[in-house]
Amino acid sequence: MIPVNEPYIGEKEIEYVNEAIKTGWISSEGKFIKAFEERFAGYIGRKYGVAVNNGTNALILALKAMDLPAGSKVIIPSFTIISCALACIYNNLIPVFIDSEEETWNMDVFKIEGKITEKTKAIMPVHIYGHPVDMDEVLKIADRFKLHIIEDFAEAIGSEYKRKRCGSFGDISCVSFYANKAITTGEGGMCLTDDSRIAERLKRLKNLAFVPEKRFIHYELGFNFRLTNIQAAIGLAQTERIEEHVKRKIEIGKRYTMLLKELEEKGLIKLPVEKEWARNTYWMYGIVLNERLKIKAEEVMKRLAERNVQTRPFFYPLHLQPAFKKFPWYREQDLPVSRRLYEYGFYLPSGLTLKKEEIEYTATTLKEILDDLA
Ligand SMILES: *Cc1c(COP(=O)(O)O)cnc(C)c1O
(Lines give C-alpha, C1' and ligand atoms only; values in the text may rest on other atoms or scores of the structure.)
Protein backbone atom coordinates (compact mmCIF):
# COMPACT_ATOMS: atom_id res chain seq x y z
CA MET A 1 0.00 0.00 0.00
CA ILE A 2 1.27 3.49 -0.80
CA PRO A 3 0.50 5.32 2.47
CA VAL A 4 -1.24 8.66 2.45
CA ASN A 5 1.47 9.93 4.76
CA GLU A 6 4.64 8.75 6.45
CA PRO A 7 6.73 11.03 8.67
CA TYR A 8 10.35 11.62 7.77
CA ILE A 9 12.57 11.07 10.82
CA GLY A 10 16.32 11.62 10.44
CA GLU A 11 19.44 10.77 12.44
CA LYS A 12 19.45 14.17 14.15
CA GLU A 13 16.11 13.41 15.81
CA ILE A 14 17.55 10.23 17.32
CA GLU A 15 20.66 12.03 18.52
CA TYR A 16 18.66 14.83 20.21
CA VAL A 17 16.10 12.46 21.73
CA ASN A 18 18.95 10.36 23.12
CA GLU A 19 20.43 13.45 24.67
CA ALA A 20 17.13 14.44 26.27
CA ILE A 21 16.69 10.98 27.75
CA LYS A 22 20.29 10.44 28.85
CA THR A 23 20.41 13.79 30.64
CA GLY A 24 17.14 13.06 32.43
CA TRP A 25 15.30 16.06 30.95
CA ILE A 26 12.18 14.21 29.91
CA SER A 27 9.38 16.48 31.14
CA SER A 28 8.52 19.91 29.81
CA GLU A 29 11.66 21.48 31.28
CA GLY A 30 14.89 21.32 29.32
CA LYS A 31 16.89 23.03 26.66
CA PHE A 32 15.15 21.60 23.59
CA ILE A 33 11.85 23.35 24.37
CA LYS A 34 13.32 26.82 24.22
CA ALA A 35 15.59 26.02 21.27
CA PHE A 36 12.64 24.59 19.33
CA GLU A 37 10.36 27.53 20.14
CA GLU A 38 12.97 30.06 19.08
CA ARG A 39 14.07 28.27 15.95
CA PHE A 40 10.52 27.64 14.72
CA ALA A 41 9.29 31.16 15.53
CA GLY A 42 12.36 32.52 13.73
CA TYR A 43 11.56 30.51 10.61
CA ILE A 44 7.98 31.84 10.56
CA GLY A 45 9.08 35.39 11.29
CA ARG A 46 7.46 35.73 14.71
CA LYS A 47 9.01 37.03 17.91
CA TYR A 48 7.64 34.42 20.33
CA GLY A 49 6.75 30.74 20.14
CA VAL A 50 4.98 28.89 22.96
CA ALA A 51 5.08 25.11 22.48
CA VAL A 52 2.02 23.08 23.45
CA ASN A 53 1.07 19.41 23.32
CA ASN A 54 -1.06 19.50 20.14
CA GLY A 55 -2.58 21.79 17.54
CA THR A 56 -6.12 21.60 18.89
CA ASN A 57 -4.92 22.81 22.28
CA ALA A 58 -2.91 25.57 20.59
CA LEU A 59 -6.22 26.90 19.21
CA ILE A 60 -8.01 26.48 22.56
CA LEU A 61 -5.18 28.30 24.33
CA ALA A 62 -5.05 31.11 21.76
CA LEU A 63 -8.74 31.89 22.07
CA LYS A 64 -8.52 31.63 25.86
CA ALA A 65 -5.70 34.18 25.85
CA MET A 66 -7.88 36.63 23.91
CA ASP A 67 -10.31 36.82 26.86
CA LEU A 68 -13.43 37.30 24.79
CA PRO A 69 -16.78 37.71 26.57
CA ALA A 70 -18.83 34.48 26.72
CA GLY A 71 -21.19 34.22 23.75
CA SER A 72 -18.93 36.20 21.42
CA LYS A 73 -18.84 34.99 17.84
CA VAL A 74 -15.80 33.78 15.96
CA ILE A 75 -15.77 33.55 12.16
CA ILE A 76 -14.28 30.26 10.97
CA PRO A 77 -14.40 28.28 7.72
CA SER A 78 -16.88 25.40 7.47
CA PHE A 79 -14.35 23.40 5.47
CA THR A 80 -11.75 22.67 8.15
CA ILE A 81 -10.92 20.30 10.97
CA ILE A 82 -13.25 20.20 13.98
CA SER A 83 -10.47 21.59 16.21
CA CYS A 84 -11.29 25.12 15.01
CA ALA A 85 -14.88 24.85 16.25
CA LEU A 86 -13.87 23.05 19.45
CA ALA A 87 -11.57 25.92 20.32
CA CYS A 88 -14.57 28.25 20.16
CA ILE A 89 -17.03 25.99 21.98
CA TYR A 90 -14.66 25.12 24.86
CA ASN A 91 -14.12 28.85 25.39
CA ASN A 92 -17.88 29.56 25.49
CA LEU A 93 -17.68 31.22 22.09
CA ILE A 94 -19.91 30.65 19.09
CA PRO A 95 -18.41 29.52 15.78
CA VAL A 96 -19.89 31.17 12.68
CA PHE A 97 -19.23 29.14 9.56
CA ILE A 98 -18.15 30.59 6.22
CA ASP A 99 -18.36 28.67 2.96
CA SER A 100 -15.29 27.93 0.83
CA GLU A 101 -14.46 29.55 -2.45
CA GLU A 102 -14.10 27.32 -5.49
CA GLU A 103 -10.50 27.84 -6.45
CA THR A 104 -8.37 27.45 -3.32
CA TRP A 105 -11.04 25.76 -1.13
CA ASN A 106 -10.22 28.25 1.61
CA MET A 107 -12.78 30.34 3.47
CA ASP A 108 -14.41 32.77 1.01
CA VAL A 109 -13.17 36.05 2.45
CA PHE A 110 -15.83 37.99 0.56
CA LYS A 111 -18.53 36.21 2.57
CA ILE A 112 -17.15 37.28 5.95
CA GLU A 113 -18.56 40.78 6.16
CA GLY A 114 -22.15 39.64 5.66
CA LYS A 115 -21.87 37.47 8.78
CA ILE A 116 -20.48 40.10 11.13
CA THR A 117 -22.71 41.29 13.97
CA GLU A 118 -22.20 43.23 17.22
CA LYS A 119 -21.15 39.97 18.86
CA THR A 120 -18.42 39.09 16.37
CA LYS A 121 -15.02 39.40 18.02
CA ALA A 122 -12.56 37.32 16.02
CA ILE A 123 -11.76 35.69 12.70
CA MET A 124 -9.90 32.40 12.39
CA PRO A 125 -8.45 32.03 8.89
CA VAL A 126 -7.28 28.49 8.14
CA HIS A 127 -4.94 27.86 5.21
CA ILE A 128 -6.32 24.63 3.79
CA TYR A 129 -4.05 21.91 2.35
CA GLY A 130 -1.10 24.29 2.01
CA HIS A 131 -2.69 27.18 0.11
CA PRO A 132 -2.80 30.54 1.92
CA VAL A 133 -6.02 32.41 2.59
CA ASP A 134 -6.35 35.82 0.88
CA MET A 135 -5.05 37.59 4.00
CA ASP A 136 -5.23 41.24 2.85
CA GLU A 137 -9.00 41.02 2.78
CA VAL A 138 -9.07 39.35 6.24
CA LEU A 139 -6.75 42.01 7.68
CA LYS A 140 -8.85 44.79 6.18
CA ILE A 141 -12.09 43.43 7.65
CA ALA A 142 -10.47 42.77 11.03
CA ASP A 143 -9.15 46.31 11.10
CA ARG A 144 -12.46 47.88 10.09
CA PHE A 145 -14.58 45.90 12.57
CA LYS A 146 -11.93 45.70 15.33
CA LEU A 147 -11.72 41.92 15.30
CA HIS A 148 -8.93 39.70 16.58
CA ILE A 149 -7.25 37.29 14.21
CA ILE A 150 -6.26 33.79 15.29
CA GLU A 151 -4.49 32.19 12.35
CA ASP A 152 -4.44 28.40 11.97
CA PHE A 153 -1.49 27.47 9.76
CA ALA A 154 -1.21 23.79 10.71
CA GLU A 155 -1.49 22.86 7.01
CA ALA A 156 0.62 25.72 5.71
CA ILE A 157 4.04 25.43 7.31
CA GLY A 158 6.35 27.22 4.86
CA SER A 159 3.47 28.57 2.74
CA GLU A 160 3.56 32.25 1.90
CA TYR A 161 1.05 35.00 1.26
CA LYS A 162 2.62 37.82 -0.78
CA ARG A 163 6.08 36.61 0.29
CA LYS A 164 5.14 36.68 3.95
CA ARG A 165 5.05 33.34 5.78
CA CYS A 166 1.73 31.89 6.89
CA GLY A 167 1.76 31.96 10.68
CA SER A 168 3.03 35.53 10.79
CA PHE A 169 -0.42 37.17 10.63
CA GLY A 170 -2.82 38.24 13.34
CA ASP A 171 -2.71 38.40 17.15
CA ILE A 172 -1.79 34.73 17.56
CA SER A 173 -1.08 32.00 15.04
CA CYS A 174 -1.41 28.31 15.80
CA VAL A 175 0.22 25.26 14.32
CA SER A 176 0.17 21.49 14.80
CA PHE A 177 3.12 19.11 14.72
CA TYR A 178 1.05 15.97 14.40
CA ALA A 179 2.78 13.17 12.47
CA ASN A 180 1.22 14.14 9.14
CA LYS A 181 2.22 17.79 9.25
CA ALA A 182 5.21 19.21 7.32
CA ILE A 183 7.34 18.94 10.43
CA THR A 184 6.36 16.79 13.37
CA THR A 185 6.95 16.04 17.03
CA GLY A 186 4.56 13.07 16.92
CA GLU A 187 1.98 15.05 18.86
CA GLY A 188 2.56 18.74 19.41
CA GLY A 189 1.74 22.29 18.52
CA MET A 190 2.70 25.91 19.06
CA CYS A 191 1.15 29.35 19.50
CA LEU A 192 3.11 32.22 17.97
CA THR A 193 2.82 35.95 18.55
CA ASP A 194 4.78 39.19 18.32
CA ASP A 195 3.28 40.57 21.53
CA SER A 196 5.35 39.86 24.66
CA ARG A 197 2.33 40.23 26.95
CA ILE A 198 0.32 37.70 24.98
CA ALA A 199 3.34 35.36 24.94
CA GLU A 200 3.60 35.54 28.74
CA ARG A 201 -0.08 34.87 29.09
CA LEU A 202 0.08 31.85 26.78
CA LYS A 203 3.01 30.45 28.76
CA ARG A 204 1.17 30.87 32.03
CA LEU A 205 -2.14 29.47 30.82
CA LYS A 206 -0.55 26.37 29.28
CA ASN A 207 1.14 25.63 32.60
CA LEU A 208 -1.83 25.50 35.02
CA ALA A 209 -1.64 29.30 35.39
CA PHE A 210 1.21 29.00 37.86
CA VAL A 211 2.75 32.35 38.69
CA PRO A 212 6.43 32.45 39.63
CA GLU A 213 6.08 34.57 42.78
CA LYS A 214 3.46 32.47 44.56
CA ARG A 215 3.87 28.96 43.30
CA PHE A 216 0.60 27.37 44.38
CA ILE A 217 -1.68 30.36 44.37
CA HIS A 218 -3.72 30.57 41.18
CA TYR A 219 -5.34 33.80 40.02
CA GLU A 220 -7.00 32.22 37.01
CA LEU A 221 -7.80 28.83 35.50
CA GLY A 222 -5.15 27.33 33.26
CA PHE A 223 -4.50 24.10 31.42
CA ASN A 224 -1.78 21.50 31.31
CA PHE A 225 -0.89 21.78 27.61
CA ARG A 226 2.87 21.28 28.08
CA LEU A 227 5.02 19.71 25.37
CA THR A 228 7.84 17.46 26.60
CA ASN A 229 11.54 18.09 26.07
CA ILE A 230 11.70 14.74 24.23
CA GLN A 231 9.10 15.91 21.73
CA ALA A 232 10.85 19.26 21.39
CA ALA A 233 14.11 17.39 20.66
CA ILE A 234 12.39 15.82 17.64
CA GLY A 235 10.90 19.20 16.74
CA LEU A 236 14.23 20.99 16.82
CA ALA A 237 15.87 18.40 14.56
CA GLN A 238 12.91 18.70 12.15
CA THR A 239 13.00 22.51 12.23
CA GLU A 240 16.71 22.52 11.35
CA ARG A 241 15.72 20.90 8.03
CA ILE A 242 12.36 22.62 7.65
CA GLU A 243 12.94 24.20 4.24
CA GLU A 244 14.01 20.81 2.93
CA HIS A 245 10.68 19.33 4.02
CA VAL A 246 8.75 22.22 2.52
CA LYS A 247 10.60 22.02 -0.81
CA ARG A 248 9.95 18.29 -0.97
CA LYS A 249 6.21 18.88 -0.43
CA ILE A 250 6.22 21.44 -3.25
CA GLU A 251 8.10 19.06 -5.53
CA ILE A 252 5.54 16.30 -4.88
CA GLY A 253 2.65 18.73 -5.48
CA LYS A 254 4.07 20.03 -8.73
CA ARG A 255 4.79 16.54 -10.02
CA TYR A 256 1.20 15.47 -9.38
CA THR A 257 -0.07 18.59 -11.13
CA MET A 258 2.10 17.85 -14.16
CA LEU A 259 0.97 14.23 -14.32
CA LEU A 260 -2.73 14.93 -13.72
CA LYS A 261 -3.07 18.09 -15.85
CA GLU A 262 -4.63 16.13 -18.72
CA LEU A 263 -7.42 14.88 -16.45
CA GLU A 264 -8.19 18.47 -15.55
CA GLU A 265 -8.07 19.53 -19.20
CA LYS A 266 -10.55 16.79 -20.03
CA GLY A 267 -12.86 18.27 -17.39
CA LEU A 268 -12.76 15.21 -15.16
CA ILE A 269 -11.15 16.69 -12.05
CA LYS A 270 -10.03 19.93 -10.48
CA LEU A 271 -6.48 20.22 -9.16
CA PRO A 272 -5.01 22.47 -6.44
CA VAL A 273 -4.06 25.95 -7.61
CA GLU A 274 -1.30 28.37 -6.73
CA LYS A 275 -2.54 31.94 -6.93
CA GLU A 276 -0.02 34.50 -8.18
CA TRP A 277 0.28 35.90 -4.63
CA ALA A 278 0.82 32.52 -3.05
CA ARG A 279 3.44 29.93 -2.27
CA ASN A 280 1.44 26.73 -2.01
CA THR A 281 3.26 23.97 -0.11
CA TYR A 282 0.75 21.24 -1.03
CA TRP A 283 0.52 19.85 2.50
CA MET A 284 -1.87 17.24 1.14
CA TYR A 285 -2.48 16.93 -2.58
CA GLY A 286 -6.24 17.07 -2.96
CA ILE A 287 -8.32 16.61 -6.08
CA VAL A 288 -12.02 17.24 -6.68
CA LEU A 289 -14.04 15.16 -9.14
CA ASN A 290 -16.22 17.09 -11.54
CA GLU A 291 -19.72 16.72 -10.13
CA ARG A 292 -21.21 16.45 -13.61
CA LEU A 293 -19.66 12.99 -13.87
CA LYS A 294 -21.89 11.89 -11.00
CA ILE A 295 -19.10 9.85 -9.42
CA LYS A 296 -18.59 10.35 -5.71
CA ALA A 297 -15.14 10.56 -4.16
CA GLU A 298 -15.90 7.41 -2.17
CA GLU A 299 -16.15 5.29 -5.31
CA VAL A 300 -12.79 6.41 -6.70
CA MET A 301 -11.13 6.10 -3.28
CA LYS A 302 -12.39 2.52 -3.00
CA ARG A 303 -10.95 1.65 -6.40
CA LEU A 304 -7.63 3.27 -5.58
CA ALA A 305 -7.47 1.28 -2.34
CA GLU A 306 -8.08 -1.93 -4.30
CA ARG A 307 -4.99 -1.02 -6.27
CA ASN A 308 -2.91 -0.23 -3.19
CA VAL A 309 -3.17 3.54 -3.13
CA GLN A 310 -4.28 4.95 0.20
CA THR A 311 -6.33 8.15 0.18
CA ARG A 312 -8.30 10.28 2.65
CA PRO A 313 -11.64 12.02 2.27
CA PHE A 314 -11.85 15.80 2.47
CA PHE A 315 -13.20 17.44 5.62
CA TYR A 316 -16.87 16.96 6.44
CA PRO A 317 -18.19 20.53 6.63
CA LEU A 318 -18.56 21.86 10.16
CA HIS A 319 -21.97 23.41 9.48
CA LEU A 320 -23.30 19.84 9.01
CA GLN A 321 -21.60 18.15 11.98
CA PRO A 322 -24.09 16.06 13.99
CA ALA A 323 -22.27 16.91 17.25
CA PHE A 324 -23.21 20.60 16.90
CA LYS A 325 -26.94 20.17 16.33
CA LYS A 326 -27.82 20.19 20.02
CA PHE A 327 -26.37 23.67 20.61
CA PRO A 328 -28.71 26.64 20.80
CA TRP A 329 -26.56 28.55 18.30
CA TYR A 330 -26.83 25.81 15.67
CA ARG A 331 -28.86 26.53 12.60
CA GLU A 332 -29.45 24.63 9.39
CA GLN A 333 -27.88 26.31 6.40
CA ASP A 334 -26.58 25.42 3.00
CA LEU A 335 -22.93 26.18 2.30
CA PRO A 336 -22.81 24.50 -1.08
CA VAL A 337 -19.11 24.76 -1.91
CA SER A 338 -17.90 23.09 1.27
CA ARG A 339 -20.56 20.40 0.91
CA ARG A 340 -19.50 19.73 -2.67
CA LEU A 341 -15.84 19.57 -1.67
CA TYR A 342 -16.70 16.86 0.82
CA GLU A 343 -18.73 14.85 -1.67
CA TYR A 344 -16.28 15.00 -4.55
CA GLY A 345 -12.88 15.68 -3.00
CA PHE A 346 -10.18 13.49 -1.51
CA TYR A 347 -6.45 13.55 -1.21
CA LEU A 348 -3.68 11.41 -2.63
CA PRO A 349 -0.54 10.06 -0.91
CA SER A 350 1.51 13.17 -0.08
CA GLY A 351 4.06 12.10 2.54
CA LEU A 352 7.65 13.28 2.55
CA THR A 353 8.96 9.76 1.99
CA LEU A 354 6.94 9.25 -1.21
CA LYS A 355 9.06 7.98 -4.12
CA LYS A 356 8.93 9.27 -7.69
CA GLU A 357 7.63 5.88 -8.89
CA GLU A 358 4.88 5.96 -6.27
CA ILE A 359 3.67 9.35 -7.47
CA GLU A 360 3.72 8.08 -11.05
CA TYR A 361 1.92 4.87 -10.11
CA THR A 362 -0.75 6.85 -8.24
CA ALA A 363 -1.30 9.21 -11.18
CA THR A 364 -1.46 6.40 -13.74
CA THR A 365 -3.83 4.38 -11.58
CA LEU A 366 -6.12 7.36 -11.09
CA LYS A 367 -6.17 7.98 -14.85
CA GLU A 368 -7.12 4.36 -15.53
CA ILE A 369 -9.88 4.41 -12.92
CA LEU A 370 -11.38 7.63 -14.25
CA ASP A 371 -11.15 6.47 -17.87
CA ASP A 372 -13.06 3.41 -16.80
CA LEU A 373 -15.71 5.27 -14.78
CA ALA A 374 -16.25 8.41 -16.83
C1 LIG B 1 -3.97 19.03 12.16
C2 LIG B 1 -4.75 20.26 12.31
C3 LIG B 1 -5.14 20.76 13.57
C4 LIG B 1 -5.10 19.95 14.83
O5 LIG B 1 -3.90 19.53 15.22
P6 LIG B 1 -3.74 18.33 16.29
O7 LIG B 1 -2.30 18.46 16.61
O8 LIG B 1 -4.07 17.07 15.57
O9 LIG B 1 -4.62 18.60 17.44
C10 LIG B 1 -5.74 22.00 13.62
N11 LIG B 1 -6.00 22.71 12.52
C12 LIG B 1 -5.70 22.25 11.28
C13 LIG B 1 -6.02 23.08 10.11
C14 LIG B 1 -5.08 20.99 11.15
O15 LIG B 1 -4.82 20.53 9.93
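Everything that follows concerns the structure shown earlier in this document.
Moving on, we come to the overall build of the chain. Check the secondary structure of the chain and you find eleven helices and 14 strands. Relative to its length of 374 residues, the chain is compact, with a C-alpha radius of gyration of 21 Å against a globular reference of 21 Å. Expressed as lengths along the three principal axes of its C-alpha atoms, the size of the chain is roughly 70 × 55 × 35 Å. Residue burial in the chain is summarised as follows: out of 374 residues, 56% are buried. When contacts within the chain are restricted to residue pairs at least 6 apart in sequence, those whose partners lie at least 24 apart make up 72%. Element-wise, carbon and sulfur atoms account for 51% of the exposed surface of the chain, whose accessible area totals about 16500 Å².

Here we take up the state of the cysteines. This model, assessed by the stated rule, comprises zero disulfides. Of all cysteine sulfurs, the one in Cys88 lies closest to Cys84, which takes part in no disulfide; the gap is 7.9 Å. Cys84 sits in the buried class, given a relative accessible area of 0%. Free cysteine: Cys191, not disulfide-bonded; nearest cysteine sulfur from Cys174 at 4.2 Å. Owing to a relative accessible area of 0%, Cys191 belongs among the buried residues under this scheme.

Every other side chain in a regular strand lies on the same face of the sheet, so the side chains alternate between the two faces. Taking burial as the measure, the five residues of strand S12 (residues 285–289) include five buried ones, the bulk of the element. Neither face of S12 is open: one carries Tyr285, Ile287 and Leu289, the other Gly286 and Val288, and all of them are buried. Pairing analysis gives two bridges linking strand S10 (residues 269–270) to S12, with the strands arranged antiparallel. Residue pairing across strands places Ile269 opposite Leu289, the latter belonging to S12. Inspection of the sheet shows S12 paired to strand S14 (residues 345–348) by four bridges, in the antiparallel sense.

What counts as what
- Residues numbered from 1 in each chain as written.
- Predicted model: local features only at pLDDT ≥ 70, side-chain atom pairs only at ≥ 80, totals over all residues.
- Heavy atoms only, no water.
- Helix = DSSP H or I, 4+ residues; strand = E, 2+ residues; numbered from the N terminus.
- Rg over C-alpha atoms; globule rule 2.2 N^0.38 Å.
- Buried < 20%, exposed > 50% of the residue type's maximum accessible area, 1.4 Å probe, protein only.
- Contact = heavy atoms within 4.5 Å.
- Areas by Shrake-Rupley, 256 points an atom, 1.4 Å probe, with all protein chains shown as cover.
- Disulfide = S-S within 2.5 Å.
- Pairing = 2+ DSSP bridges.

Interpretation in functional terms is not warranted from these geometric data alone.
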